[in-house]
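Structural description and commentary
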Amino acid sequence: TDENGPWAQRLAKQGDGIYLFSLKTDDLEETAAGMRARGVRLPDPIAGLQVIHPSSAGGALVLLSQQ
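Residues numbered from 1 in each chain as written. Predicted model: local features only at pLDDT ≥ 70, side-chain atom pairs only at ≥ 80, totals over all residues. Heavy atoms only, no water.

Turning our eyes to something else, we now look at the overall build of the protein chain. From N to C terminus, the protein chain includes two helices and three strands. The helix and strand sequence of the protein chain, counted from the amino end, reads α-β-α-β-β. Along the first, second and third principal axes, the C-alpha set of the protein chain runs to 40 × 25 × 20 Å. Here the protein chain holds 67 residues, and the buried ones make up 22% of them. Partitioning the contacts of the protein chain with sequence separation of at least 6, the portion at a separation of at least 24 is 37%. Averaging the locations of the 6 positively and 8 negatively charged side chains of the protein chain gives two centres separated by 6 Å. (Helix = DSSP H or I, 4+ residues; strand = E, 2+ residues; numbered from the N terminus. Buried < 20%, exposed > 50% of the residue type's maximum accessible area, 1.4 Å probe, protein only. Contact = heavy atoms within 4.5 Å. Lys, Arg positive; Asp, Glu negative; His and termini not counted. Charge placed at Lys NZ, Arg CZ, Asp CG, Glu CD.)

Glancing now at the environment of R10. Take R10: it is sitting in helix α1 (residues 6-14). Judged by its relative accessible area of 15%, R10 falls in the buried class. Considering only alpha carbons, one finds R10 and Q66, 56 residues apart in sequence, at a separation of 28 Å. Among all residues touching R10, those that are not within four sequence positions of it are G15, I18, Y19, G59 and A60.

Let us now look at the nonpolar core. In this structure, L28, A32, L42, I52, A60, V62 and L64 together form the largest nonpolar core, which totals seven residues. Among the secondary structure elements, those contributing two or more residues to this core are α2 (28-37) and β3 (61-65). Discounting residues that sit within four places of it in the chain, L28 has contacts with G48, L49, Q50, L64, S65 and Q66. (Core = buried A, V, L, I, M, F, W, Y, C linked by side-chain atoms within 4.5 Å.)

This is the structure in structure tokens:
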């Protein structure tokens, strides 16, 4: 890793911990709609994946997938 790259910056700012993980769902659109209704920040889906914004996931980057 590059000591000036995004991972290094995150480690310097937040220390050790989970950076990214993925969860599978049976219905991506329904899951995303339910999460939005509960105030979870979700940007627009990208290539069949829904990202949960780190501010809504304790600083981790979470991906939701139906695949």
